[in-house]
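Listed below, chain by chain, are the residues.
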Amino acid sequence: MVLTSVGKMSGLQKKTSGIRNICILAHVDHGKTTLADCLISSNGIISSRLAGKLRYLDSREDEQIRGITMKSSAISLHFEKGDEEYLINLIDSPGHVDFSSEVSTAVRLCDGCIIVVDAVEGVCPQTQAVLRQAWLENIRPVLVINKIDRLIVELKFTPQEAYLHLKNILEQVNAVTGTLFTSKVLEERAEKETESESISDSAPGDQIYDWSAGLEDTDDSHLYFSPDYGNVVFASAIDGWGFGIEHFAKLYSQKIGIKPAVLLKTLWGDYYLNTKAKKIMKGDQSKGKKPLFVQLVLDNIWSLYESVMKRDKEKIEKIVTSLGLKIGARESRHADPKVHLNAICSQWLPISEAVLSMVCNKLPSPLDITAERVEKLMCVGARTFDSLPPETQELKSAFMKCSSEGTAPVIVFVSKMFAVDAKALPQNKPRPLTQEEIAQRREVARRRHAEKLAANQGKELSEKPPSENTSEVNTGETKSEEQQLNSQIEIMTSKATKQEADNKESFIAFARVFSGVVQRGQKIFVLGPKYDPAEALHKLSAQCSATDDLPLVPHMTCCTLENLYLLMGRELEDLEEVPAGNVLGIGGLQDFVLKSATLSTSPACPPFTPLNFEATPIVRVAVEPKHPSDMPQLVRGMKLLNQADPCVQVLIQETGEHVLVTAGEVHLQRCLDDLKERFAKIEISVSAPIIPFRETITRPPKVDMVNEEIGRQQKVAVIHQTKEDQNKIPEGVEVDSDGLVTISTPNKHATLSVRAVPLPEEVTRLLEENSDLIRTMEQLNTSLNEDKKTHEINQKTIDRIKEFKQKLEQSLQGRKWRNAVDQIWSFGPRKCGPNILLYKFEGYKKSVWQCLENAVKEASKYRDFDNSIISGFQLATLSGPMCEEPLMGVCFMVEKWEMGKVGEVLSASSQDSGECDALEHEPNEDTVSLSSSYMAEVCSEDKHQDSNQSVPRSPEKASKHKAEVLLADCYGPFSGQLIATMKEACRYALQAKPQRLMAAMYTCEIMATAEVLDHFK
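This one's a predicted model, so the numbers in the text were calculated from it and none came from an experiment.

The next subject is unusual backbone geometry. With an omega of 0°, the peptide bond between Gly-828 and Pro-829 qualifies as cis. With respect to the element layout, Pro-829 can be found in the loop between β28 (824-828) and β29 (835-839). Backbone geometry places Lys-156, a non-glycine residue, at a positive phi of 55°. Mapped onto the secondary structure, Lys-156 falls in the loop between α6 (149-153) and α7 (159-199). Given the relative accessible area of 60%, Lys-156 is considered exposed. The phi angle at Lys-681 is positive, at roughly 60°, despite the residue not being glycine. Along the chain, Lys-681 turns up in the loop between α23 (665-679) and β23 (684-686).

Turning to helix α22 (residues 631-644), a few remarks are in order. An α-helical segment advances 3.6 residues per turn. Residues three or four places apart therefore align on the same side. Taking 1.5 Å of rise per residue, 14 residues should cover 20 Å, and α22 covers 20 Å from first to last C-alpha, within 8% of that figure. Turning to α22, its buried residues are Leu-634, Gly-637, Met-638, Leu-640, Leu-641, Asn-642, Gln-643 and Ala-644.

Moving on: the sheet that holds strand β21 (residues 649-652). With respect to topology, 4 strands assemble into an open sheet ordered β21-β22-β20-β23, the strand pairing being antiparallel. With partners counted over all chains shown, the strands left at the sheet margins are β21 and β23, one partner each. Direction aside, neighbouring strands of the sheet carry axes that sit 30° apart on average. The pairing of strand β20 (residues 619-625) with β23 spans 3 bridges and is classified as antiparallel. Of the residues in β23, the one forming a bridge with Glu-624 is Ser-685. Sheet strands touched by α22: β20, β21, β22 (658-662) and β23. Its angle to β22, the strand with the most contacts, is close to 25°. Most of the contacts of α23 go to β22, to which it runs at about 135°, and overall it touches β20, β22 and β23.

Glancing now at the pattern of salt bridges. Under the definition given, this model contains 32 salt bridges. The partner of Arg-150 in a salt bridge is Asp-118, with the nearest N and O atoms 2.9 Å apart. In this pair, Arg-150 sits in helix α6 while Asp-118 sits in strand β4 (residues 112-118), placing the two residues 32 residues apart along the sequence. The buried category is assigned to Asp-118, whose relative accessible area is 0%. Between Asp-239 and Lys-338 there is a salt bridge whose closest N-O contact spans 3.1 Å. Residue Asp-239 is located in the loop between β6 (232-236) and β7 (241-243), and its partner Lys-338 is located in helix α14 (residues 337-348); the two are separated by 99 residues in the primary sequence. Its relative accessible area of 24% is what places Lys-338 among the partly exposed residues. Bridged by salt links that share partners, the residues Asp-118, Lys-147, Arg-150 and Glu-154 form one connected network.

What follows covers helix α26 (residues 771-785). In this model α26 runs 21 Å from its N-terminal to its C-terminal C-alpha over 15 residues, within 8% of the 21 Å that 1.5 Å per residue would give. Those residues of α26 that fall on the buried side of the exposure criterion are Leu-773, Ile-774, Thr-776, Met-777, Leu-780, Asn-781, Ser-783, Leu-784 and Asn-785. Where α26 is buried, its residues meet α25 (761-769), α27 (795-811), β28 and α28 (850-853).

Running from N to C, helix α11 (residues 292-309) and helix α12 (residues 313-323) cross one another at 140°; their axes reach a closest spacing of 8 Å. Considering their axes alone, α11 and α12 lie oblique with respect to each other. With respect to the hand of their crossing, α11 and α12 are arranged in left-handed fashion. Here Ser-303, Leu-304, Ser-307 and Val-308 of α11 lie close against α12, whose contacting residues are Lys-315, Ile-316 and Ile-319.

What follows covers the environment of Glu-734. Here Glu-734 is to be found in strand β25 (residues 733-735). On the accessibility criterion, Glu-734 (54% relative accessible area) is exposed. For the pair Glu-734 and Ala-985, spaced 251 residues apart in sequence, the C-alpha to C-alpha distance is 9.8 Å.

Ile-145, Leu-166, Phe-234, Phe-243, Phe-293 and Ile-301 are the most contacted members of the largest nonpolar core, which totals 99 residues. The biggest single contributor to this core is α11, with 11 residues. Filtering out sequence-adjacent residues up to four positions away, Leu-166 remains in contact with Ala-119, Ile-145, Ile-148, Leu-151, Phe-234, Trp-268 and Phe-293.

Considering all chains together, one arrives at 30 aromatic pairs under this definition. Both rings, one in Tyr-163 and one in Phe-293, keep their centres 6.1 Å apart while their planes meet at 40°; by these two values the pair is tilted. One end of the pair, Tyr-163, is in helix α7; the other, Phe-293, is in helix α11, with 130 residues separating them in the sequence. For Phe-293, a relative accessible area of 0% corresponds to the buried category. Here the aromatic rings of Trp-825 and Trp-897 are separated by 6.3 Å at their centres, their planes lie at 40°, and the arrangement is tilted. Highlighted residues: Trp-825 in strand β28 and Trp-897 in strand β30 (residues 890-899), separated in sequence by 72 residues. Residues Trp-825 and Trp-897 agree in their burial class; the two are buried. Among the aromatic residues, ring-to-ring pairing joins Tyr-163, Phe-234, Trp-241, Phe-243, Phe-248, Tyr-252, Trp-268, Phe-293, Tyr-305 and Trp-348 into one connected group.

Bringing the sheet that holds strand β27 (residues 750-758) into the picture now. Reading across from one edge, β25-β26-β27-β30-β29-β28 is the order of the 6 strands in this open sheet, with mixed pairing throughout. Looking at the sheet topology across the chains shown, the edges are occupied by β25 and β28. For this sheet, the mean angle separating the axes of adjacent strands, direction not counted, is 20°. Pairing of β25 with strand β26 (residues 741-744) involves 3 bridges; the strand directions are antiparallel. Residue pairing for β26: Val-735 is matched across the bridge by Val-741. Most of the contacts of helix α29 (residues 866-878) go to β28, to which it runs at about 35°, and overall it touches β27, β28, β29 and β30.

What counts and how
Residues numbered from 1 in each chain as written. Predicted model: local features only at pLDDT ≥ 70, side-chain atom pairs only at ≥ 80, totals over all residues. Heavy atoms only, no water. Helix = DSSP H or I, 4+ residues; strand = E, 2+ residues; numbered from the N terminus. Buried < 20%, exposed > 50% of the residue type's maximum accessible area, 1.4 Å probe, protein only. Expected span 1.5 Å × (residues − 1). Pairing = 2+ DSSP bridges. Axes fitted to C-alpha atoms, helices over the stretch in contact; angles between N-to-C directions. Contact = heavy atoms within 4.5 Å. Salt bridge = Lys/Arg side-chain N within 4 Å of Asp/Glu carboxyl O. Parallel < 35°, antiparallel > 145°, perpendicular 65-115°, else oblique. Left-handed = near helix turned anticlockwise from the far one by under 90°. Core = buried A, V, L, I, M, F, W, Y, C linked by side-chain atoms within 4.5 Å. Phe/Tyr/Trp six-rings, centres within 6.5 Å; stacked < 30°, edge-to-face > 60°.

Function-wise, these values are silent; they only describe arrangement.
Pasting the structure below:
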């Protein structure tokens, strides 16, 4: 096929109904990139002979060496089917589990996907993972069963055995899909049951639970894969052939005289052909007959393979003639029979025709996006679609229409940022010269030739006696020296500029347009993941644009789309505009987007739901430069690596170590190679993988090391040992025999008593499993405390929170845990971890369950400093006293919090002046002659003002505050003292109990077929 021009592609982008955004998903080494090569060769981009060998979309050197895909790559293909023309935006994704984050970035931009399954290996763990990802993103899949040639050449299956094997693979894939469907239906039915129970007053004994009722009522026929539905292709990508049964249904309908519709329903299944009656009968197995699929399809393919492999020239010529094919002499004489086989099969059953036809027939266009998917994309966290502002809800119609009109709002989602060499950008590539430029260069060449001749004549004059024209020669030498010097400077400057351009990495945003038309040079809003349209619309008008002079809005910036690119695998092509429904690359967002973002011309647009990552980064290594002077390059390189990879995490520990967190060993090696060769370009030293530990405490032992009960004398020895340990505790810290730690702030204005208690294992497990729910609760509580207009909470979320609270109450039983759940102050670390902070003192009432009670913050003497206590708890749980690792399974009880008179006065003055956030207190400069600590403690009204502005204040008030501050000036802000004191109290309380280190356990799940189970015995 002839290579399609960029102009043609731009024209096809405007026809939204003819666009198909698809990705190829599979387990590693199941043939995704080889299949992509076959599809690309149909557009003339690569030769059909190189398909499967070139692996065009694997553009990285390490991808070619390892033979696996490590990053998602996109390419646009043109496909003609009859009178219809289609634009296929194809994304090839990795199959290795280390790079599953790349699959997530690809799936978000697509409307459909091709699931590839190896005919020998069948359904593998990553096949299940990609099916689950496609299900979660609401995209429609089709199936390609690849590598059928292995059943013939390697396993030596007969056509009948191969048919049963293929049937088994289809059942496996459909079983995974059925599991996903069942879980969804049962979840929806459980929600309806809960709603009906709350409404109805019927007795529990009258209700009978039937789990299968919801499944029987729901139609799931469109979800499964079956050849007669047209959503399955049988293929061998390496040999260039593939087919759907509709191809053979049309072929045999003319020969046998049976309608194509009848053959389409009977070619796959328990049917056979009665040659005498010329009828298709049912029950092939019971009557010992060959299935129709074996008789009409597989027998012919097996016969062709057998003839070519055995070099039966007469039979091959007969087959080629009957099929009407033309095979070149080069292929037929080739020493490798696979070349001859590929030449025949790729003409007889071209795989690109079969797969792309199935894609166009069975996968939706951008116009067919479902309302369910739109609402899921627009609702972040616990928010429901109905709770969004009306202006935001109106954008749903723009999603559904996928309109490219000028009035339609532009909505773009960036799924990842990827780095390209600056030389690969279209604007930096050498272009062909025009006639005018050729003429100019010819003129310059003539002028240089004339100057060279003149210079030669000057040399001849210099060879004459010195008395002749001495002054003229000296002048000529001086000019020539200046010209040489200038030319050398120009060459050096151009080389330096060129080298700098070569070393530079440019970042391109991998994105899709969901609504409107994106144009080069357009100004647009960049919306961060925490952007709230309800809050922004109070400050902005829904009709405002990025070009207006707008006030600052949290988590929203404006940027200009500098370049738009058509993604063509290894190449990029310039575009002026891109209509809705297309995948594209955007340049110029490097300084605005870290990993992913939502772009829109409307401030009412919400940020899209975060991507679902199957694998989390777990492998940690410390990185440092071999030469300390290269540290700035390492810091810059790790920053670029963090932006270029959607899964990697870059951390700087308290010790100053730069830590790289990756998904696995292969992912780690790729990141280190990128760091050394592309981003930092320095030699680096890498530590052994850092093993994560967790610190915890246990109950005092009741038996010794030989499992004997600890006697009275041993208990006395333990008590003496405890007293010796207490002598090591610094002055000012009191620890009683029960482990209660009492400590005061440095200025003695507040005293805390904290006790550490181990949590039951089931509670720790429950907290870990519900970390996302705890994070949602924290967000809701924060909005309540800040007196913001909270969004309507999803009833499902409220039910989950109530269920979580009920499980905690059931797990925390006993005298010491009485009312503990209602007194939970915070979770930690990061306010969502497996540790609990309880308050056991009187005069304070605040818990993490505010979102259920809709309670507002009460005024009390502790009100303005409770955040300091929570912050100290968070710091203590983030790094324990043994080896600075996070804590796990520990409950800290604050049994006493006494505030001195000065502390109460500070709290009262802060209540009068405004609410004070203890976490954000920092020293500010002011023209009033007050100390910095005073400003950090009591001037809450100044924290949003510029530090250089003067604040008018009465002398009486200033002197009063100054008197208060003089008592605490040398110790810093009172809130900071509380944070440090709480942290130390938690650490000493932890050390007063038996401490333990917890190591992570490695679990491995092995999946095997029934045939190989004997090897594991």
